[in-house]
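The residues making up each chain are set out below.
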Amino acid sequence: MATLEAVSPGFQFRSPCPAKIRRTAGVSRTFVRANRRLTVKTVKCSLLGERVEEEVSRPPPFTEEENTLINALIGVQGRGRSASPAQLREAEQAVQKLEDTKGVPDPTGSSLIEGRWQLMFTTRPGTASPIQRTFVGVDSFSVFQEVSLRSEDPRVSNIVKFSDAIGELKVEAAASIKGGKRILFQFDRAAFSLNFLPFKVPYPVPFRLLGDEAKGWLDTTYLSESGNIRISRGNKGTTFVLQKVTDPRQRLLSTISSSGVREAVDEFISLNRISSEGELPLLEGEWLMLWSSNEVTESWMENAAKGLMGKQIVRPNGGMKFLVDLFFGLKFSMTGKYEKSGMNTYDVVMDDAAIVAGPYGVPSEMTTKFTIELLYADEKIRISRSYDNILFVHVRVD
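We now turn to the structure provided with this report. (Residues numbered from 1 in each chain as written. Predicted model: local features only at pLDDT ≥ 70, side-chain atom pairs only at ≥ 80, totals over all residues. Heavy atoms only, no water.)

Considering the overall build of the protein chain
Then, number 1: Each helix and strand counted, the protein chain has 7 helices and 23 strands in total.
Then, number 2: Put simply, 52% of the contacts in the protein chain that link residues at least 6 apart link residues at least 24 apart.
Then, number 3: Summed over all atoms, the accessible surface of the protein chain reaches about 21,300 Å², with 53% contributed by carbon and sulfur. (Helix = DSSP H or I, 4+ residues; strand = E, 2+ residues; numbered from the N terminus. Contact = heavy atoms within 4.5 Å. Areas by Shrake-Rupley, 256 points an atom, 1.4 Å probe, with all protein chains shown as cover.)

Laid out in structure tokens, this is it:
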């Protein structure tokens, strides 16, 4: 009997070919991701119900060099606006490495450049446009660029999506191609499309009066052969990293800045359960809490003592520290110890708290005991269940 087979590492699902297609040849495709290739397994249901398989290799969504860039961007806040010097260096080195690999030659002539691209990272020199300065650094907004060079009216549009409920701002530019890498553009119209209004609201910028200020160019210095990653450099010295397809960790972190976080966390854990089987280490370093499922509001000191705020610093030899920035240079600091207690679980005792100002501290009598259960962990992101069965998402920032 012919079967439809879905294959992933450590998981197989089989279902018989439906009876209604046994009389006709049917084809179903399944994708098997390996380290360096994507195998497409084609399963045919023949006229006689025989099972025939064919395999064709296709490139994976991201190459090794592209994954290096994606890893560098995990945890970078504000699409680069709030990045640390170390994060910026890592991202810029990964960008340069990809640019050196060349990618698709003459990217402006390729159909892969067409479509909607999500902005994942940008450098922000002082000459950045007002839209960049106002919107790009806000993580709760999604920023896109639409490229349409093969239509009768070639255009490049920058889009800021505020949310599904509110709507978006779209700034459009007439575009033309110069050479194999450069797109010339001139902004000529813009409007807010707000879901609670039946009409568009014009963006109050008189493009016609701006002259050369409304003009510019964009060089595509790297376009992936899969069409999933693009690196561009603008006439004002800004570097942009854009993606059509995003890594699951990127989608999770993006969702944390918007809505539906609990559903995204559950889905991510489910998708990564197989790859995360085995022992998960409690990695050393500074981990910033991005989200927790806690819905009970307590005093800030109680939340800080339970690890519901700020950073969790994991030290060698079983040391742990909570650090929360308060105001006017004041910090809440709490130290303690952790030890392994089971499969992917660690018992934690925090018992040395203080309010710190510079070299001085005021001690506080507090003790907190809880268990950390690791649900997913890699070098950049960690999902755990901890105090009072609360789910946590941390990103590494050191």
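Thoughts on the packing of aromatic side chains
Then, number 1: Enumeration according to the criterion identifies 8 aromatic pairs in this entry.
Then, number 2: For the pair Tyr338 and Tyr346, a centre-to-centre distance of 6.1 Å together with 70° between the ring planes defines the contact as edge-to-face.
Then, number 3: On the basis of relative accessibility, which here comes to 15%, the residue Tyr338 falls in the buried class.
Then, number 4: You can call Tyr346 buried: its relative accessible area is 8%.
Then, number 5: Members of the aromatic cluster, each reached through a chain of ring pairs, are Phe162, Phe192 and Tyr203.
Then, number 6: Cation over ring: Arg116 sits above Phe144, and NZ or CZ is 4.7 Å from the ring centre. (Phe/Tyr/Trp six-rings, centres within 6.5 Å; stacked < 30°, edge-to-face > 60°. Buried < 20%, exposed > 50% of the residue type's maximum accessible area, 1.4 Å probe, protein only. Lys NZ or Arg CZ within 6 Å of the ring centre and 35° of its normal.)

Side note on empty space enclosed by the protein
Then, number 1: Taken as a whole and judged by the stated rule, the model has 1 cavity of 30 Å³ or more.
Then, number 2: If you add up the space inside the largest cavity, you get close to 50 Å³.
Then, number 3: Taken together, Lys306, Gly307, Gln312, Phe322, Phe370, Ile372, Arg382, Ser384, Ser386, Phe392 and His394 make up the full set of residues lining the largest cavity.
Then, number 4: Mapped by element, the contributors of at least two residues to the lining of the largest cavity are β21 (368-377), β22 (381-386) and β23 (390-396).
Then, number 5: Examining the composition of the lining of the largest cavity, we find that 3 residues originate from one element, β22, more than from any other.
Then, number 6: A per-class count over the lining of the largest cavity returns 4 nonpolar, 5 polar and 2 charged. (1 Å grid on protein atoms, 1.4 Å probe; cavity = no way out; pocket = protein on both sides within 12 Å on 5 of 7 lines; lining within 4 Å. Points joined across faces, edges and corners; volume = space filled by probe spheres on them. Nonpolar A, V, L, I, M, F, W, Y, C, P; charged D, E, K, R; others polar.)

Comments concerning the packing of helix α5 (residues 248-256) against helix α6 (residues 261-272)
Then, number 1: Here α5 crosses α6 at 160°, and the two axes come no closer than 9 Å. As the angle between them shows, α5 and α6 are arranged roughly antiparallel. Along this stretch, α5 crosses α6, giving a crossing that reads as left-handed. Residue-level inspection shows Pro248, Arg249, Leu252, Thr255 and Ile256 of α5 in contact with α6, the latter providing Val261, Ala264, Val265 and Phe268. (Axes fitted to C-alpha atoms, helices over the stretch in contact; angles between N-to-C directions. Parallel < 35°, antiparallel > 145°, perpendicular 65-115°, else oblique. Left-handed = near helix turned anticlockwise from the far one by under 90°.)

Looking at the pairing of strand β13 (residues 229-234)
Then, number 1: Buried residues dominate β13, accounting for 5 of its 6 residues.
Then, number 2: Bridging between strand β12 (residues 215-223) and β13 involves 5 bridges; their strand directions are antiparallel. Residue pairing for β13: Leu223 is matched across the bridge by Arg230.
Then, number 3: In this structure, the hairpin formed by β12 and β13 is closed by a connection of 5 residues, where Gly227 is found at a positive phi of approximately 75°.
Then, number 4: Across 5 bridges, the pairing between β13 and strand β14 (residues 239-243) is antiparallel. Paired with Arg233 across the two strands is Thr239, which belongs to β14. (Pairing = 2+ DSSP bridges.)

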